Amino acid sequence: MSEKTRLRASALAFGVALAAATSSMAEAKTLTISWWGYNGDKLNANIIEPFKKICGCDIVFETGNNADRLNKLKLRGGKGVDVIYLTDSYSQIGIAEGLFQKVDAAKLTNLADLYDLAKDPQGGYGPAYTIGRVGIVYDSAKVNPPISSWNDLWRADLTSAISLPGITTTAGPMVVLQSAKHAGADAFTDTDKAFEAIEALKPNVAKNYNTGSELVNLISTGEARIAIAQDFTLASMKAAVPTMTWAALSDGDIATLNTVNIPKGSENVDLAHQFINFILSKDVQQLEAEQGVDAPVSTKVVLTPEQAKLWTYGPDMIGKLNRLDYQKLNDAKTDWIDRWNEVFSR
Amino acid sequence: MRTSLHPALTITASLIFAILVAPLFIILGASVSDTSYLTFPPQGITLRWFTNIFEISAFRTTAITSLQIALLGTALALLIGIPAAYALNRFRIRLPSWLANVFVLPILVPEIVLGFSLLKSVTISLGLPVFIVLLLGHALLVLPYAVRVVGASLASFDFSIEEAAISLGCPPLKTFFTVVLPNISAGVIAAFILAFITSMNDVSVSLFLTGPGISTLPIQILAHMEQFFDPTIASVSVLLMILTVGVMAIVEATLGLTFLTK
Amino acid sequence: MVKRLTPWILAGPASLLVLLLLILPVGATLLATFADAKGWAAPYLAFFNSGFRRTVLWRTVEISLITTVISVILGFIAAYVVAQMPGRLKSIMIIAAVFPLLTGVVVRSFAWLILLGKNGILNSALLSLGLITEPISMLYTEGAVIAAMVYLFVPLMILTLSGVLEGIPKDVLEAASSLGAAPFAVFRQVILPLAMPGLIVGAVLVFTGSFTSYATPQLLGGERQMMMGTLLYQRAMVTFDWTGASTVAAIMVVVTIAIVLVMTRLARRLNPMAA
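Computed from a predicted structure; not experimentally measured. (Residues numbered from 1 in each chain as written. Chains lettered and ligands numbered in written order. Predicted model: local features only at pLDDT ≥ 70, side-chain atom pairs only at ≥ 80, totals over all residues. Heavy atoms only, no water.)

The next point concerns the packing of aromatic side chains. Overall, the coordinates contain 28 aromatic pairs over all chains when judged by the stated rule. Look at Tyr85(A) and Tyr129(A): their rings are 4.9 Å apart centre to centre, the planes differ by 75 degrees, and that puts the pair in the edge-to-face class. Of this pair, Tyr85(A) sits in strand 3 (residues 83–87) while Tyr129(A) sits in strand 5 (residues 128–139), and the two are 44 residues apart along the sequence. Their ring planes at 20 degrees and their centres at 6.4 Å tell us that Phe76(C) and Tyr80(C) sit as a pair that is stacked. Within this pair, Phe76(C) and its partner Tyr80(C) are both found in helix 3 (residues 51–84), separated by four residues, close to a single helical turn. Each member of the pair, Phe76(C) as well as Tyr80(C), is classed as buried. Grouping aromatic residues by their ring pairs yields a cluster made of Trp35(A), Trp36(A), Tyr38(A), Phe61(A), Tyr85(A) and Tyr129(A). Across from the ring centre of Trp36(A), 5.2 Å away, lies the NZ or CZ of Arg69(A), which sits over that ring. The ring centre of Tyr90(A) lies 5.6 Å from the NZ or CZ of Lys333(A), which sits over that ring. (Phe/Tyr/Trp six-rings, centres within 6.5 Å; stacked < 30°, edge-to-face > 60°. Helix = DSSP H or I, 4+ residues; strand = E, 2+ residues; numbered from the N terminus. Buried < 20%, exposed > 50% of the residue type's maximum accessible area, 1.4 Å probe, protein only. Lys NZ or Arg CZ within 6 Å of the ring centre and 35° of its normal.)

Let us now look at the packing of helix 3 (residues 57–90) of chain B against helix 12 (residues 217–227) of chain B. All names here are of chain B. Running from N to C, helix 3 and helix 12 point in directions that differ by 150 degrees, and their axes come no closer than 8 Å. Our classification of the angle between helix 3 and helix 12 gives roughly antiparallel. On helix 12, the residues that touch Ala 58, Phe 59, Thr 62, Ala 63 and Ser 66 of helix 3 are Leu 217, Pro 218, Gln 220, Ile 221 and His 224. In terms of residue class, the contact of helix 3 with helix 12 is made up of six nonpolar, four polar and no charged. (Axes fitted to C-alpha atoms, helices over the stretch in contact; angles between N-to-C directions. Parallel < 35°, antiparallel > 145°, perpendicular 65-115°, else oblique. Contact = heavy atoms within 4.5 Å. Nonpolar A, V, L, I, M, F, W, Y, C, P; charged D, E, K, R; others polar.)

The next thing to look at is the confidence of the model for chain C. This prediction gives chain C a mean pLDDT of 89; 96% of its residues lie at or above 70. Mean pLDDT across the elements of chain C ranges from a minimum in helix 8 (residues 170–178) of chain C, with 71, to a maximum in helix 3 of chain C, with 95. (pLDDT = per-residue confidence, 0-100.)

Residue and element names in this part refer to chain A. On inspection of all chains with the given rule, the structure shows one disulfide over all chains. Between Cys 55 and Cys 57 runs a disulfide, and the two sulfur atoms are separated by 2.0 Å. Looking down the S-S bond of the Cys 55 and Cys 57 bridge, the torsion is -75 degrees, so its handedness is left-handed. (Disulfide = S-S within 2.5 Å.)

Residue and element names in this part refer to chain A. As for its placement among the helices and strands, Asp 88 is situated in helix 4 (residues 88–96). Using a relative accessible area of 1% as the deciding quantity, one classes Asp 88 as buried. For Asp 88, the contacting residues outside a window of four places in its chain are Gln 122, Thr 256, Leu 257, Thr 259, Arg 323 and Tyr 326.

Contacts between the two partners involve 26 residues from chain C and, on the opposite side, 34 residues from chain A. For the pairing of chain C and chain A, the buried interface totals around 2,700 Å² over both sides, and the portion due to carbon and sulfur atoms is 53%. On the chain C side of the interface with chain A, the three residues burying the most area are Glu223(C), Arg224(C) and Phe240(C), jointly 27% of the side's total. Linking chain C with chain A are two salt bridges, by the criterion used here. Where Asp338(A) meets Arg53(C), a salt bridge forms, and the shortest distance between an N and an O atom there is 2.8 Å. (Buried area = accessible area lost by both parts, 1.4 Å probe. Salt bridge = Lys/Arg side-chain N within 4 Å of Asp/Glu carboxyl O.)

Further remarks concern the pattern of salt bridges. Residues and elements named next belong to chain A. Per the counting criterion, the structure on display carries 24 salt bridges over all chains. Ionic pairing is found between Arg 133 and Asp 253, a salt bridge with its closest N-O pair at 3.4 Å. With Arg 133 in strand 5 and Asp 253 in the loop between strand 8 (244–246) and strand 9 (254–263), the pair connects residues that are 120 residues apart, well separated along the chain. Accessibility expressed as a relative area gives 11% for Arg 133, which makes it buried.

Residues and elements named next belong to chain B. In this model helix 9 (residues 172–183) runs 16 Å from its N-terminal to its C-terminal C-alpha over twelve residues, within 8% of the 16 Å that 1.5 Å per residue would give. Taken together, the buried positions of helix 9 are occupied by Thr 175, Phe 176, Val 179, Val 180 and Leu 181. Buried residues along helix 9 sit against helix 3, helix 7 (130–155), helix 8 (159–167) and helix 10 (185–201). (Expected span 1.5 Å × (residues − 1).)

On to the interface of chain C and chain B, then. Taken together, the contacts link 88 residues of chain C with 83 residues of chain B. Summing both partners gives a buried area of about 7,900 Å² for chain C against chain B, and 82% of it is carried by carbon and sulfur. Linking chain C to chain B there are zero salt bridges. No other element matches the 19 residues that helix 1 (residues 2–31) of chain C contributes to the side of chain C that touches chain B. Looking at the side of chain C that touches chain B, its residues break down into 66 nonpolar, 16 polar and six charged.

As structure tokens, then:
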């Protein structure tokens with residue numbers, strides 16, 4: 001075979017393969033899901049494989065952190081992905097950027113079974129599929145008296161003991177909000193007061209953390225003994241330091257929701273609704289909770305006390321959580337980051 | 001080159017190596033610790049953080065992608081980088097002096113911005129496949145090592161040897177492979193190692209260049225670390241060390257390059 | 001004709017890759033910062049008007065330069081000794097030098113916590129020796145950031161230089177010593193000039209690497225030691241402000257290029273023979 005014919009032959013083969021690929025795509029739709037990528041095997045067994053059987057479609061993933069995936073979606077003009085998993089602060093950014101479409105609640109029959117705060121957390125956009133909380137953890141062996149309020153963080157006996165979430169993490173802006181409360185001011189209208197309170201808190205800070213792993217390392221090596229943290233980090237901290245305790249705060253923990261949204265440029269809107277409805281169903285929610293993947297938002301899920309210990313679970317606990325206005329928060333974020341940087345660089 | 005060494009030099013160098021290696025023992029210890037968090041000294045010994053990597057399918061598939069990208073990207077960078085390095089040194093007068101610095105740009109531009117720009121201008125505007133852009137992006141990212149590290153070796157190469165061979169009738173290409181390349185093999189190996197490792201470890205450029213269906217190992221590890229704080233990350237580091245030794249051994253065996261042992 | 005084009009044919013593919021995949025795309029991104037509604041220089045004026053950001057820029061330059069100088073010196077010594085080692089040992093030493101590069105930044109900083117932390121090995125040792133009465137905080141300082149970066153960049157220096165020192169013919173050194181040159185004179189007049197191309201390349205790689213680093217300063221320096229990479233990251237990945245991020249990037253690129261050019265000039269003045 002001469003060089004030229006070989007080239008032509010391979011081009012032909014490529015063309016045939018391409019045609020075959022496109023035609024098979026026309027038969028089976030492909031649902032593209034953008035999500036974090038941890039616990040992939042459980043997700044696959046609990047959700048993906050069963051859903052594939054129902055829909056007769058293919059499923060492809062884009063993985064990465066909130067920011068990476070949302071950035072990419074924005075660059076693509078809201079195209080390329082059919083369902084996107086995000087934490088609520090990032091899904092609010094996506095909404096503000098006009099990247100998502102509103103969901104058709106009539107197609108999500110399982111919404112009726114959800115806790116109210118999960119049904120429609122962001123004004124017509126995607127529902128929440130799991131719930132968590134941000135609060136204070138502390139080493140009960142070394143912190144006496146116990147922490148019972150956000151105000152306790154300013155206590156004089158806690159010098160260099162605290163690890164705060166960095167301003168760029170999910171829980172970071174909550175520090176600003178709580179500091180404003182401590183100062184008796186509104187964080188949005190009286191930001192100076194809030195940051196004065198943070199300045200006053202600074203002597204108690206050992207090192208701020210930016211990832212959950214960093215937090216666990218700071219606690220396990222004894223660099224810090226108190227932290228403002230998300231609930232899913234507690235188990236690892238407890239494994240390292242058994243006396244780590246979730247503080248019972250008189251002024252309440254803060255809710256965090258993970259949402260699912262349908263981007264504006266989705267080409268499989270019906271399928272996306274079907275998928276979202278599926279992950280909100282009682283069976284999937286029950287399975288995910290029992291296996292320790294995600295806390296349930298379906299009121300129909302029943303867990304044993306042992307299983308529930310891990311989670312933000314049940315109407316009592318969920319009813320007490322504080323909710324945040326992420327829209328206001330995201331608008332203030334750039335300014336807050338600058339101020340935060342300055343306070344902590346001094 | 002081999003001359004007698006001053007004892008002070010030997011002692012200093014031993015200290016440097018001791019400091020380079022010391023943290024590795026901590027990481028090795030942490031990777032076999034039978035705890036769900038990183039700790040040192042290890043509490044109990046287990047290999048489950050190693051088997052964990054092989055059991056999670058996302059780690060397996062992305063490890064293969066990462067290896068493909070790292071090997072192909074490095075090969076491509078060397079394939080176009082070595083001739084460039086050669087030209088920059090051999091024809092110094094005929095090429096502009098700023099050209100050498102152009103090849104530093106890929107590591108000079110902050111990686112996030114490089115990844116962002118590539119996604120915007122290449123993947124989206126030109127509609128190229130994700131894998132191809134990921135590969136080209138990695139080749140670009142490691143090109144500085146291919147051009148500059150090999151170039152540094154060529155700078156001390158005496159080109160009159162090459163000219164002698166050519167004037168004796170040896171074809172230029174053959175001369176390059178038989179005369180020039182063996183003399184700079186240590187530089188080529190160094191460039192290969194640096195490029196391969198940079199590509200294997202890269203996060204910031206890959207963040208943007210991975211897409212639906214295609215991800216790399218470091219990104220998958222980051223994803224895992226969002227939710228799990230166990231010693232898997234330490235065992236990945238240890239596995240990468242073992243893998244690198246393996247890759248270097250294969251390169252040595254297949255390319256027949258005298259691996260730094262002249 | 002062909003002969004005159006040879007250099008360009010050889011350097012062409014690599015130059016084209018950089019032009020098409022870097023200069024054009026990144027150039028477009030950076031140019032977009034000049035399209036600000038408040039005037040073309042507005043984002044830059046805003047950057048330099050903030051005392052905090054000027055401090056971050058200056059700190060980044062300072063930390064990167066110190067890291068480069070220390071890495072060059074330590075890397076040169078280590079590479080010089082490696083080059084003298086017999087075959088097998090040399091391979092082992094090179095591999096040992098590469099290993100630190102293979103550790104993820106989180107585990108690596110965990111190792112630093114174990115070594116230098118409040119309850120770390122070093123503090124425990126000093127306490128039990130009675131040299132200190134209370135643990136000293138060695139982390140979250142400029143020194144900690146520099147130490148962690150040097151740790152990461154010495155291997156790069158060793159690898160770059162090992163290829164260069166390997167190429168220095170043994171007989172050159174022997175001739176020099178047999179002519180009665182003192183060891184330092186051999187170093188100053190023979191080894192250093194021959195190693196200069198490698199030193200320049202290594203220094204450039206280390207400097208640019210530390211200037212753009214992001215994760216290491218954040219983990220070991222915290223917010224007190226913030227560097228430009230972190231500012232850039234916050235703008236790009238947290239507030240999605242790509243104009244702001246590109247402004248930071250443009251400043252970083254310009255400053256790095258300027259410093260790299262000065263470094264190369266200085267090295268050339270020290271040794272006119274080197275590239």
